[in-house]
Amino acid sequence: SGPLPATIGNLSNVQFLELGNNNFNGTLPSEMGGMTGLISVLLYGNRFTGALPSTIGGWTNVATVDMSKNSFSADSGLPTEIGLWTNCEVLAFHEAGIGSSIPSEIGGISALKVLDLSLNQLTGEMPVEVGNLNALETFNVEENRIGETIHSRPFQSFQVTPSLIVISSTFEC
C-alpha cells in the first residue's frame, strides 16, 4: 500500500511490472516514463488518483497495459502519447475513473487487439482514427458519456470485424 516512489523510474530494464491488487494510492510518478524496457504493465485494482503522466508515452515496447479499477481523475483522460505504443496489443482501463475524450492518437496503436475503456466518464465523439485499429478483436466503451451519435465512420475502415463491440452510453441532456 501507499504511493509508488519516484525512484521506480530508475528501473529502465524492467520488462514486467505487475503490481495489481496491492492497494497502492496517490498519483503515478512521472518518472515512470523512464521505465523504457516495459513490455507488460499491470496496475489494476489499486487506488491510483490524478492524471496519467504524459511521460508514459516512453513505454514504446509495451504490449499489455491494464490500469483497470483505479480512481484516476475524471478531469483528464488518456494522454495523447499512448499513440506511441505501436506494439501494444491490450489496453485496459475498465472502471479506471478516466474522463475527457478518447484521443485520436489511439489510432496509432496499430497492433491493438483489445481496447477496454468501459465504465469510465469518457465524453465527446468517437475519434475516426479508431478505424485504423485493424488488428482489433475486442472494443468495449460501454457505460461512458460518449456523444449522442456514434458515427459509423470509425468502423467503416476496419479490415477485420472485431468479435466483440460493446458501445453503450449514458447521455447527458
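Scoring rules and cut-offs
- Residues numbered from 1 in each chain as written.
- Predicted model: local features only at pLDDT ≥ 70, side-chain atom pairs only at ≥ 80, totals over all residues.
- Heavy atoms only, no water.
- Phe/Tyr/Trp six-rings, centres within 6.5 Å; stacked < 30°, edge-to-face > 60°.
- Helix = DSSP H or I, 4+ residues; strand = E, 2+ residues; numbered from the N terminus.
- Buried < 20%, exposed > 50% of the residue type's maximum accessible area, 1.4 Å probe, protein only.
- Pairing = 2+ DSSP bridges.

1. Here's the deal with the packing of aromatic side chains
What characterises a pair of aromatic rings is the spacing of the ring centres plus the angle enclosed by the ring planes.
Part 1 of the argument: This structure, assessed with the given rule, holds 3 aromatic pairs.
Part 2 of the argument: Relative to Phe-48, the ring of Phe-24 lies with its centre 6.4 Å away and its plane at 5°, an arrangement referred to as stacked. Of this pair, Phe-24 sits in the loop between strand 1 (16-18) and strand 2 (25-26) while Phe-48 is found in strand 4 (residues 47-50), placing the two residues 24 residues apart along the sequence. When sorted by exposure, Phe-24 lands in the same class as Phe-48, which is buried.
Part 3 of the argument: When the centroid spacing of 5.8 Å and the interplanar angle of 10° are considered together, the rings of Trp-59 and Trp-85 count as stacked. You can see Trp-59 sitting in the loop between strand 4 and strand 5 (64-66) and its partner Trp-85 sitting in the loop between strand 6 (71-72) and strand 7 (90-92), a full 26 residues away along the chain.
Part 4 of the argument: With a relative accessible area of 0%, Trp-85 lands in the buried category.

2. Looking at the sheet that holds strand 12 (residues 145-146)
Part 1 of the argument: On the basis of which strands lie adjacent, the open sheet formed by 3 strands has the order 8-10-12 and parallel pairing. One side of each edge strand has no neighbouring strand; the edge strands of this open sheet are strand 8 (99-101) and strand 12.
Part 2 of the argument: Pairing between strand 8 and strand 10 (residues 121-124): 3 bridges, direction parallel. Its bridge partner lying in strand 10, Gly-99 is registered against Gln-121.

Remember that the coordinates give geometry; whether it matters functionally is a separate question.
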